[in-house]
Amino acid sequence: MDLNNENLKIAIQKKGRLSQPSGELLKAVGIEFDSSDGRLFARCRSYPLDILFLRDDDIPEYVQDGVTDLGIVGLNVVEEKGAKVSKLDFLGYGECELCVAVPKQGEMHSVFDLRGKRIATSYPRVLGKFLADRGLDARIIEISGSVEIAPGLDVADAICDLVSTGSTLRIHDLVPIEVVLKSEAVLIANQNSIADTRKSELIERLRTRLLSHLQAKRTKYVMMNAPEGALATIKEILPGMKSPTILPLAEKGMIAVHTAVPEEVFWDVIERLKGAGATDLLVVPVEKMVV
Ligand code: ATP
Ligand code: ZN
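All values reported here derive from a predicted model rather than from experimental measurement.

Trainee: Tell me what's going on with the overall build of the chain, and back it up with residues and numbers.
Mentor: Within the chain, the secondary structure is distributed over nine helices and 15 strands. For the chain, whose C-alpha radius of gyration is 24 Å, the value lies well above the compact-globule estimate of 19 Å for 291 residues. Projected onto its principal axes, the C-alpha coordinates of the chain cover approximately 75 × 55 × 35 Å. Within the chain, buried positions represent 45% of all 291 residues. When contacts within the chain are restricted to residue pairs at least 6 apart in sequence, those whose partners lie at least 24 apart make up 69%. Accessible surface for the chain amounts to roughly 15500 Å². Of this, 50% is attributable to carbon and sulfur atoms.

Next up, the structure:
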């Protein structure tokens, strides 16, 4: 492997749920690299960055030890490994929840029913802390995969596992009773790398690109026409981002209003704008947003 010490290094998952979105995110911010199958390493053409493709379980430790400066991995893995790394930014994909689930027909309904029970999990550290924080004494059975079959095999009374849609739980007649950790992909950094002037500058440039891309994805650009008299109400409705652009229309007394709207309030805002007299609403995606 031909690593260049001048380059920043980032670890992403080699094969799994986070591989494709992590690679796509880097490409979306102008980082060009060859991601053909089976590679362990790629040198970027357009940024001083080397990418290492690793098992997700190894990423927190590699970043902690400085083998790579940065990593993209699920928060669940970072917390379970207990690695000393800086969590820089949540990246908005790989969302899932680490949940305690119990047999549907059983007598357990809340976490307090777990006292003295056996809980199968691949997350002994995170679960152990969760139980200790609540003063719950339960036995943790560590299993590395297919945790959901443990109750059926009478290996455990409950499980603590990752859930995104809940379909795996349903197939095994399990129901979630408590969320232990909400997780998504997170950008992590080595603590020495962020203290190093040269590296931290490269990291911050990369973060600016990532954050402007992520913010753009969460934003719509809205254009509308409205009677001039509705402007005060429209301004009140628009979430406090930037002052909207107001343009006069050929038709007297009418204006066009352009503004960016965050996705989480999008429908609410659109409905209220219509109610305030806005017409001909046009919504376009935002490619990048550099503030
Ligand atoms: P590796 O071979 O790299 O060890 P893995 O099998 O441990 O892979 P994946 O199943 O690819 O990991 O999951 C990677 C990450 O995706 C998880 O750690 C988690 O953060 C996230 N994720 C999102 N939804 C789910 C889900 N339903 N089940 C498991 N992981 C999920
Ligand atoms: Zn893994």
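Trainee: Mind laying out the site of ligand 1, listing which residues take part and the relevant values?
Mentor: Lining the immediate surroundings of ligand 1 are 16 residues, of which Arg17, Asp56, Asp57, Asn76 and Ser164 lie closest. A distance of 2.8 Å separates an oxygen atom of ligand 1 from a polar backbone atom of arginine 17. The separation between an oxygen atom of ligand 1 and a polar side-chain atom of aspartate 56 is 2.8 Å. Against a free-state accessible area of 630 Å², the protein chains account for coverage of 76% of ligand 1. Considered class by class, the residues forming the shell around ligand 1 number four nonpolar, six polar and six charged. The residues that make up the shell around ligand 1 include at least three from each of domain 1 (8–93 + 185–216) and domain 2 (96–183).

Trainee: Talk me through the side chain of serine 212; I want residue IDs and the actual numbers.
Mentor: By the secondary structure assignment, serine 212 is in helix α7 (residues 197–217). Judged by its relative accessible area of 7%, serine 212 is buried. Filtering out sequence-adjacent residues up to four positions away, serine 212 remains in contact with Lys288, Met289 and Val290.

Trainee: So what's going on with the coordination of the zinc ion (ligand 2)? Which residues, and what values?
Mentor: Coordination of the zinc ion (ligand 2) by the protein is provided by Asp56 (OD) and Asp57 (OD), with metal-donor distances spanning 2.0 to 2.1 Å. Here the zinc ion (ligand 2) binds four donor atoms, and the angle range of 73 to 178° at the metal identifies the geometry as irregular.

Trainee: Tell me about the environment of lysine 104, and name the residues and values.
Mentor: Structurally, lysine 104 is set in the loop between β6 (96–103) and β7 (118–121). With 72 residues separating them in the primary sequence, lysine 104 and proline 176 have C-alpha atoms 9.0 Å apart.

Trainee: Explain the side chain of aspartate 89 residue by residue, including any values.
Mentor: Residue position: aspartate 89 is located in strand β5 (residues 86–90). A distance of 2.7 Å separates a polar atom in the side chain of aspartate 89 from a polar atom in the side chain of arginine 207. In contact with aspartate 89, other than residues within four places in its own chain, are Ala185, Val186, Leu187, Arg207 and Leu211.

Calculation rules
- Residues numbered from 1 in each chain as written.
- Chains lettered and ligands numbered in written order.
- Predicted model: local features only at pLDDT ≥ 70, side-chain atom pairs only at ≥ 80, totals over all residues.
- Heavy atoms only, no water.
- Helix = DSSP H or I, 4+ residues; strand = E, 2+ residues; numbered from the N terminus.
- Rg over C-alpha atoms; globule rule 2.2 N^0.38 Å.
- Buried < 20%, exposed > 50% of the residue type's maximum accessible area, 1.4 Å probe, protein only.
- Contact = heavy atoms within 4.5 Å.
- Areas by Shrake-Rupley, 256 points an atom, 1.4 Å probe, with all protein chains shown as cover.
- Near = heavy atom within 4 Å.
- Polar contact = N/O pair within 3.5 Å; in protein donor to acceptor, adjacent residues only side chain to side chain.
- Nonpolar A, V, L, I, M, F, W, Y, C, P; charged D, E, K, R; others polar.
- Domains from an automatic or database assignment.
- Donors = N, O, S within 2.8 Å, 3.2 Å for Na, K, Ca; no water.
- Tetrahedral: all angles 85-135°; square planar, octahedral: opposite > 155°, others 65-115°.

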